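# An overview of the molecular structure
These are the residues of each chain, in order.
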Amino acid sequence: MTNDSDMTNDPAADATAIWDRRYEAGEHVGTKPVMEGDPVDYTQHKFLYQRSIAEPLTGSLDGYNVDHVARQFLVPAPGRVLAIGCGMAFVEEFLVANGYAQHLLAYEMSATAIEAAKQRVMDKPYADRLELRSGDVLHENLPTGAFDVVFVQAAIHHFDRIDDMYALMHRVLRPGGLLIYDEYVGPDHHMYEPELLAIMDRIDDCLAPQYRWDHLAKHRRQHVAYPNLEWMLQHDPSEGVHASRILPLTYQWFDVVQRADFGGSIMRPFFTGILPNFDWDDPKDQTVARLVILTEQLLTQHGVIPHYNTSVVARRRDVPRRPLTAEEAARINYTGWQDKSAPSVLAAEPRPLSARLRSRVGRALRAAGLRR
């Protein structure tokens, strides 16, 4: 949390200062390859990651989506890869170490993170192929068409100058080059819709008291805790700053050749603060968690709620298209959405609900006050 007195009128500088402090304190999930005890990020818990991300995206509980995508699109290894917002560069190191990039240039605003990453890899045999730089990539005057791939791991949602960043990513790629990312693409600053929060509260009502102790708020929660905009801006003004524009901008500047949505619309806020209550070796606790996962998967699969996390591979368009209209982008986060101008998009079609199940879903939504 940042005090008002610490904030300036420069969002980028404020965010960089916040991230420097987090990396120095070792409190961010990105300071270690895995932090199983993190009370906030469900993706850092092996059981939840395996069943809500790994298995849906790779077909295997032991799968790793970065490796899964790299095997499809980064073999043979591209000559030049640009990574933006690399943090401590654990994922970028994985790509180089496993032969998915001949040379990778990685940028990160936090000098603290970059220095730690340099110390970690300096004696590795591939250190000369992993170039780590601290600074604003928009100010670096990178050459046009110099990269085969632009790779971003969960950082686009921090881009304040997002239009300039998309123009940069398009410009530095060679013709036919790829943009690869894994991102939060939900509402800006994580300001979720009231209807979605109401669904989470109904699920939360089903939990036994021992699962509802909030380790962040230090009390048993009566509803799923959710921060207001003021708190989010003080905590990190860059968090999800233009997240809702990521998919529309991607389709404007690139042709999406593979898109794998994986929910997160319930999982991330629902488990925040209560993750330490679960014994991941206990079959009973596993069952409770799997039912929450299944609830999100069924609601996203049938188009009832949107996906707020996605993994995308997109090819550079020679000429960017016009921006999507509001009507064209209205359901861009929902299963089955198709870009009508690009029939090659590999988006899954929604599975139709049977009449009986459709009736039951309707009754449940009306009972929850979410449908008339």
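Residues numbered from 1 in each chain as written. Predicted model: local features only at pLDDT ≥ 70, side-chain atom pairs only at ≥ 80, totals over all residues. Heavy atoms only, no water.

Broken down by element type, the protein chain carries 13 helices and nine strands. Looking at the protein chain residue by residue over its 372 residues, the buried ones come to 50%. Restricting to contacts in the protein chain with at least 6 residues of sequence separation, those with at least 24 account for 76%. Here the protein chain has roughly 17,600 Å² of accessible surface; of this, 53% comes from carbon and sulfur atoms. (Helix = DSSP H or I, 4+ residues; strand = E, 2+ residues; numbered from the N terminus. Buried < 20%, exposed > 50% of the residue type's maximum accessible area, 1.4 Å probe, protein only. Contact = heavy atoms within 4.5 Å. Areas by Shrake-Rupley, 256 points an atom, 1.4 Å probe, with all protein chains shown as cover.)

This part is about the side chain of Arg321. By the secondary structure assignment, Arg321 is in the loop between strand 9 (309-316) and helix 12 (326-329). In terms of polar contacts, Arg321 uses its side chain to reach the side chain of Asp339, at 2.7 Å. (Polar contact = N/O pair within 3.5 Å; in protein donor to acceptor, adjacent residues only side chain to side chain.)

Cis geometry marks the peptide bond from Val75 to Pro76, where omega comes out at 0 degrees. Tracing the backbone through its elements, the reader meets Pro76 in the loop between helix 3 (65-73) and strand 1 (80-84). Here the phi dihedral of Ala89 falls at roughly 65 degrees; this positive angle occurs in a residue that is not glycine. Note that Ala89 resides in the loop between strand 1 and helix 4 (90-97).

In contact at an axis separation of 11 Å, helix 3 and helix 4 are set at 40 degrees when each is read in the N-to-C sense. Between helix 3 and helix 4, the interaxial angle falls into the category oblique. Relative to helix 4, helix 3 is oriented so that their crossing is right-handed. Here helix 3 contributes Val66, Asp67 and Ala70 to the contact with helix 4, which in turn contributes Val91, Phe94 and Leu95. Across the contact of helix 3 with helix 4, the residue classes tally to five nonpolar, no polar and one charged. (Axes fitted to C-alpha atoms, helices over the stretch in contact; angles between N-to-C directions. Parallel < 35°, antiparallel > 145°, perpendicular 65-115°, else oblique. Left-handed = near helix turned anticlockwise from the far one by under 90°. Nonpolar A, V, L, I, M, F, W, Y, C, P; charged D, E, K, R; others polar.)

This brings us to a nonpolar patch on the surface. On the surface, Leu291, Leu294 and Leu298 cluster together to form a nonpolar patch covering roughly 260 Å² of accessible area. Note that Leu294 resides in helix 11 (residues 283-301). Residue classification places Leu294 among the partly exposed residues on the basis of a relative accessible area of 40%. (Patch = residues over 30% accessible without salt bridge, like charges linked within 9 Å, V, L, I, M, F, W, Y side chains within 5 Å. Salt bridge = Lys/Arg side-chain N within 4 Å of Asp/Glu carboxyl O.)

Now for the confidence of the model for the protein chain. Summarising the model, the protein chain shows a mean pLDDT of 88, and 81% of its residues fall at 70 or more. The model gives residues 343-354 a pLDDT under 50, and that stretch makes 22 contacts with residues more than four places away or in other chains. (pLDDT = per-residue confidence, 0-100.)

Here we come to helix 7 (residues 194-205). For helix 7, which comprises twelve residues, the first-to-last C-alpha distance of 16 Å matches the rise-based estimate of 16 Å (1.5 Å per residue) to within 8%. Looking at the buried side of helix 7, the elements it contacts are helix 10 (267-271) and helix 11. (Expected span 1.5 Å × (residues − 1).)

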